[in-house]
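Okay, here's what each chain looks like letter by letter:
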Amino acid sequence: MGNSFVFMLLAVIAVGSAIGMLVSRDAVHSALFLVLNFITIAVFYVVLNAPFLAMVQVTVYAGAIMVLFMFVIMLLGAERLRGMWGDRPSELVFAAFLGFLLVVTFLIALVMEGKTAVSANMIDSSPVALGLRLFEGYVFPFEVVGILLLSAMVGVVILTISNKRGKNV
Amino acid sequence: MTPGQIAIRALIVGFSVSMVMVTGFAYTTLLERKLLARLQHRIGPNRAGYIPLPGKNGGERRLIKGFLQPGADAVKLFLKEDQTPAGVDRFVYNLAPMLAVIPAILILAVIPWAGEITIFGAHFAPYFAIAPGLDVAVLYMLSITSIGVYGVVLAGWASNSKYAILGGIRASAQMISYELAMGMSILIPVMLADSLDLGVIVSQQSGYWYALHIPAAAVFLLAVMAELQRLPFDLVEAEQELSSGFNVEYGGMRFGMFFMAEYMKMVIFSAIAATLFFGGYRGPFVDQLPGLGFFYLFLKIVAGLCMLIWIRASFPRLRYDQLMAFGWKRLLPIAVLNFIIVAVVIVLQQEGIIF
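A quick note: this is a predicted structure, and the numbers were derived from the prediction, not measured.

Turning our attention to the overall build of chain A. Counting its regular elements, chain A contains 6 helices and 0 strands. Helices and strands in chain A line up, N terminus first, as α-α-α-α-α-α. Buried positions account for 21% of the 169 residues belonging to chain A.

What follows is the structure, encoded as structure tokens:
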């Protein structure tokens, strides 16, 4: 009873903030709605007995990535967005089509797999269990993702260095 | 205990700790003004209130002159005109001071204030905190700290002022940069104690303080100073350049809330530094008399505050490029290298290769 009430409340906030992010015509307001959405999802993780994931979600998404977003928005002065429906109707049609595809995929997944929901209490999601999983069972994908991110970072560094070469060192 | 009892206990403890902190922050401002004045050969605030004591020759000695100054400041801030400048984004402008204060209060939840203790018949185990035994306490601390940057950034943006937005942009860049070094240095106590639970980290320090790992403690203290935006890292509100940075358009109690957040963070980060590196609530005879824990932690917090104030009085402000270069090219490599060395040594010890 208590859990379903919390779930409904969180669901309303999550969906509301997502819609707010889309509808808002001010980029900073949109970013704030997205932060609220991320934090709500973090609370979902807590309800699902996964506090470690919740904390990582808040630190990485709300604390680091969205601050960088905010930084770029403020630096570029790009707060004002275009009208709600965009400039070209074709964009809107394409977006609607993609959204429809997403819903269809979701429904298919729900019908095919949905009957085997796992109870939150059955999963051991302590930091120790998660770390062991990550570094024993999934060590190869983990390393691949790490190298991918590292190469992106090196790429950014090289791009900025070659722009400045010759001007000042 | 049932979940309901746990919730009620957390509410009571949380309320009392927050109240102590809200008055404590006021006296932190007094401590700072008095100590700073002494370090600069001034007297400091000495008009509002004193403790009268009998002195020599029938006269009286006045002790702690000016101890009512925080109250006077609060009354002044509350009675000031609450004005909103034209052209601001009203919603975000009003939201920003709250977003500055709320994370500062939220971090309080995981700090262990004393060991296992019984107060008024209520038994607190394994230690006295609002949320004891949280196995992700260190991560919680880091995530709430990373949320704290929003107050400053949004205040800068919403004020619709060039000085304010420059302060806000500087704040976000600075806090993101120094968060990395801070995170790396926090990992050292975590690895040594083999736990993310702050209570375990404290109880593991019964033998020696983790501050003996000097690189980790030094990096942590420097990163905390940058995170708190205090001299020599207070580029965010450099008076000569930005008048006062992100909060230049705020007045009255709204400004007071930024002030409050800053000083509460000073107290809280002193408590965190004490917990992670200086043995937290532990001290002589604390196992026999658990109540001493509050006293030891209080002493350590005051020592931390005095150190922060002393540094503020001693060093000039860095230049902005120096700040960034120091964070990325010095502090972060040292933190990473230290992390790798400690990790390797711990593994070698576990394998029995070295002692």
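A separate point is the layout of surface pockets. If you add up the space inside the largest pocket, you get close to 2700 Å³. Around the largest pocket sit 46 residues that line it, and F52 and F142 of chain A together with L139, M184 and L187 of chain B are the ones nearest its centre. Per-element accounting of the lining of the largest pocket gives the leading share, 9 residues, to helix α6 (residues 162-193) of chain B. Space inside the second largest pocket adds up to approximately 1100 Å³. Along the walls of the second largest pocket sit 30 residues, with I39, V43 and V58 of chain A together with L106 and I144 of chain B positioned nearest its centre. Those elements that place two or more of their residues in the lining of the second largest pocket are α2 (27-47) and α3 (51-76) of chain A together with α3 (90-106) and α4 (137-147) of chain B. Counting residues per element, the lining of the second largest pocket draws most heavily on α2 of chain A, at 9 residues. Per-class residue counts for the lining of the second largest pocket are 27 nonpolar, 3 polar and no charged.

Taken as a whole, chain B shows an average pLDDT of 84; of its residues, 98% reach a score of 70 or greater. Interface scoring of the predicted complex returns ipTM 0.81; its pTM is 0.84.

All names here are of chain B. End to end, helix α12 (residues 320-350) covers 44 Å across 31 residues, agreeing with the expected 45 Å (1.5 Å per residue, within 8%). The sharpest bend along α12 comes to roughly 35°, located at F326. By the burial criterion, the buried members of α12 are L323, M324, G327, L331, L332, A335, N338, V342 and I346. As for α12, its buried residues are in contact with α6 and α8 (214-227).

This next bit is on a nonpolar patch on the surface. A surface patch of nonpolar side chains, amounting to about 740 Å² of accessible area, comprises V103, F106, L107, I108, L110, V111 and M112 of chain A. Its location among the elements puts V103 of chain A in helix α4 (residues 89-113).

With that settled, the discussion passes to the interface of chain B and chain A. If you look at the interface, chain B gives 22 residues, while chain A gives 23 residues. In total, about 2000 Å² of surface goes out of reach between chain B and chain A, with carbon and sulfur atoms giving 81% of it. Together, Y150, W157 and I169 of chain B form the three largest contributors to the area buried by chain B at its contact with chain A, with a combined 30%. Between the two partners, chain B and chain A, sit 2 residue pairs in polar contact (both at pLDDT 80 or more).

Residues and elements named next belong to chain B. By secondary structure assignment, the location of E32 is in helix α1 (residues 3-39). Owing to a relative accessible area of 1%, E32 belongs among the buried residues under this scheme. In terms of polar contacts, E32 uses its side chain to reach the side chain of R312, at 2.7 Å. Filtering out sequence-adjacent residues up to four positions away, E32 remains in contact with R230, Y263, M266, I309 and R312.

A few words now on the packing of aromatic side chains. All names here are of chain B. Under the defined criterion, the tally for this structure stands at 13 aromatic pairs over all chains. Summarising the aromatic geometry, the rings of Y93 and Y250 are spaced 4.3 Å apart at their centres and angled 10° between planes, so their arrangement reads as stacked. In this pair, Y93 sits in helix α3 while Y250 sits in the loop between α9 (239-242) and α10 (252-277), placing the two residues 157 residues apart along the sequence. This pair shows no difference in class: Y93 is buried, exactly as Y250 is. Aromatic ring contacts, followed pair by pair, group Y93, Y250 and F258 into a single cluster.

The rules behind these values
Counting restarts for each chain, with residues numbered from 1 along the sequence as it is written. Throughout, the order in which chains and ligands are written sets their labels, letters from A for the former and numbers from 1 for the latter. Only residues with pLDDT of at least 70 are given local features in this predicted model, and only at 80 or more are side-chain atom pairs given and counted; all residues enter the totals for whole chains, interfaces and linings. The basis for every side-chain value is the complete set of non-hydrogen atoms in the structure, without hydrogens or water. In this description a helix means any DSSP run of H or I spanning at least four residues, a strand means any run of E spanning at least two, and both kinds are numbered starting from the N terminus. Burial here depends on accessible area, computed with a 1.4 Å probe over protein chains only, as a share of the maximum for the residue type. Under 20% is buried, over 50% is exposed, and the range in between is partly exposed. Detection works on a 1 Å grid of protein atoms alone, calling trapped sets that fit a 1.4 Å probe cavities and calling open sets with protein on both sides within 12 Å along at least five of seven lines pockets, with lining residues defined by an atom within 4 Å of a point. Grid points are joined across faces, edges and corners, and a volume is the space filled by probe spheres set on the points. Polar here means any residue outside two lists: the nonpolar Ala, Val, Leu, Ile, Met, Phe, Trp, Tyr, Cys and Pro, and the charged Asp, Glu, Lys and Arg; Gly therefore counts as polar. The pLDDT value tells you how sure the predictor is about a given residue, anywhere from 0 up to 100. Expected helix span is computed as 1.5 Å times (number of residues minus one). In this analysis the local bend is the angle between axes fitted, respectively, to the seven residues ending at and the seven residues starting at the residue. In this description, contact between two residues means that some pair of their heavy atoms is separated by no more than 4.5 Å. Residues with no salt bridge and a relative accessible area higher than 30% make up the patches, which join like charges within 9 Å and nonpolar side chains (Val, Leu, Ile, Met, Phe, Trp, Tyr) within 5 Å. Surface accessibility in these figures is a Shrake-Rupley result with a 1.4 Å probe; residues are shielded only by whichever protein chains are displayed. Salt bridges are identified by distance alone: a Lys or Arg side-chain nitrogen within 4 Å of an Asp or Glu carboxyl oxygen. A quick way to say it: buried area is the sum, across both parts, of accessible area lost when two parts are put together, with a 1.4 Å probe. For the purposes of these results, a polar contact is taken to be a pair of N or O atoms within 3.5 Å, where, inside protein, one atom must be able to donate a hydrogen and its partner to accept one; residues adjacent in sequence count only when each atom of the pair is a side-chain atom. Whether two aromatic rings pair depends on their centres lying within 6.5 Å, for rings of Phe, Tyr and Trp, where Trp uses its six-membered ring; planes under 30 degrees apart make the pair stacked, over 60 edge-to-face, and the rest tilted.

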